[in-house]
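Residues per chain, in single letters:
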Amino acid sequence: MLRKNLLMALTVAAVLFNTHARVWACAVCLGGADDSTIEGYNASVLFLMSTPYLVLGSIVGALVFTYKRALKKRALAEAVEPGAQLVWNQEDSGR
Amino acid sequence: MAKDSTARKLSEAPLIEAVKRPGFGGGNPPPPPVRPTTPIGSNAWLAVLMFLGAEAMFFAGLIGAFLVFRLGSTIWPPPFQPRLPLGVTGVNTIILLASAVTMRFALRRTQHGNFKSSVFWLSLTASLGALFLLIQGYEWLQLIHFGLTVSSSVYGGLFYTIIGFHALHVFGALVWLAVVWAKARRRAFTKQNYVGLQVCSMYWIFVVALWPVLYGLVYLY
């Protein structure tokens, strides 16, 4: 069975690599290299390729911004609360 | 004997550092102070952020389709198809952008505890959103009258799909805003807890921020 599958895979590979490029199926072969449709497809592909990075970058940016804002808020709250400086912690009490 | 005493010393359990150095005034050291570990944002905020990412991908797909046909055509809009009204839509764009500002005001007022003013700004936001939809509906009626329909050409199909989906999103945001407005009137939001309003504001601002991109692409490009 394994031998048969291997033979089939080799045959498919041989057919694929030895066939002329003209017979390959192409979903977007709509015209020449300077065809405006190709230009449209290229622009669309580039745009769609960059979009996930933009979206993820925006999400990460929002998280970083919110985190930094929360840190600033906490620092302000601690500065306003003078009693917080007098709280003993375990390390200080051990001295 | 000496050997025994050495052995006894080694077998003793080592003294814990804290026991060796008792705390101030003796007794057990006080427990360490609990640092507030409040999360930087609520779960709803994070969920809406992810949802907006998915929405952005959805519109990116539509924009990608538009780019294929727009750049693939030498003449745009195609012959015998009506031109889109730039002036009215430009005014409509300003109306929608203004609604983002009023939404921001509503959120700030709630954060400062001024709930009455917040309800007013929410009402104004909803009114501006509704006005945007009404103007767009009127514009669509005019375009249909001039012969631009979904099936008239690729141009019409793309226009109604992209702008239509955006209008649908504005409508959805308007329904959400109406619910938030009703809750705000009942004083359901407080200075500390206003997550419902915050996530609605995020969605509204996303829908508003998307519009200039679509306007520039579909109407001006």
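Now for a look at the structure at hand.

Parameters at a glance
In this numbering scheme, every chain counts its residues from 1 along its sequence in written order. Each chain gets a letter, beginning with A, and each ligand a number, beginning with 1, in the order they are written. Per-residue local features are limited, in this predicted model, to residues with pLDDT of at least 70; the limit for side-chain atom pairs, both in listing and counting, is 80 or more; totals at the level of whole chains, interfaces and linings are taken over all residues. Here a strand is any run of E in DSSP of at least two residues, a helix any run of H or I of at least four, and the numbering for each starts at the N terminus. Working definition of burial: number of other C-beta atoms within 10 Å of the residue's own, with buried at 20 or more, exposed at 12 or fewer, and partly exposed in between, all C-beta atoms being placed from the backbone. Nonpolar cores are built from buried Ala, Val, Leu, Ile, Met, Phe, Trp, Tyr and Cys residues. These are joined into a set through C-beta atoms within 7 Å. C-beta atoms are placed from the backbone for every residue, and two residues are taken to be in contact when these atoms lie within 7 Å. Under the convention used throughout, the expected extent of a helix is 1.5 Å for every residue step, that is, one less than its residue count.

1. Comments concerning the environment of Thr37 of chain A
Residue and element names in this part refer to chain A.
- Looking at the element boundaries, Thr37 is found in helix H2 (residues 36-80).
- Classification of Thr37 by C-beta neighbours within 10 Å gives partly exposed; the count is 16.
- Sequence-wise, Thr37 and Val15 are 22 residues apart; in three dimensions their C-alpha atoms are separated by 31 Å.

2. Digging into the nonpolar core
Residue and element names in this part refer to chain B.
- Counting 39 residues, the largest nonpolar core has Leu122, Leu177, Leu197, Trp204 and Val207 as its most contacted members.
- Of all the elements, helix H7 (residues 195-220) adds the most residues to this core, at 11 residues.
- Each residue touching Trp204, except ones within four places of it in the same chain, is listed here: Ala100, Met103, Thr125, Ala173 and Leu177.

3. Brief notes about unusual backbone geometry
All names here are of chain B.
- Cis geometry marks the peptide bond from Trp76 to Pro77, where omega comes out at 0°.
- With respect to the helices and strands, the residue Pro77 is situated in the loop between helix H3 (43-72) and helix H4 (86-111).
- The residue Phe80 is not glycine, and still its phi comes out positive at about 65°.
- As for its placement among the helices and strands, Phe80 is situated in the loop between H3 and H4.
- The backbone of Arg187 shows a phi angle near 60°, a positive value even though the residue is not glycine.

4. So, helix H1 (residues 2-18) of chain A
- Its 17 residues place the ends of H1 of chain A 24 Å apart at the C-alpha level, agreeing with the 24 Å of an ideal helix rising 1.5 Å per residue.
- Counting buried residues along H1 of chain A, only 0 of its 17 residues qualify, which leaves the element largely exposed.

Without other data, these values stay purely geometric and don't point to any function.
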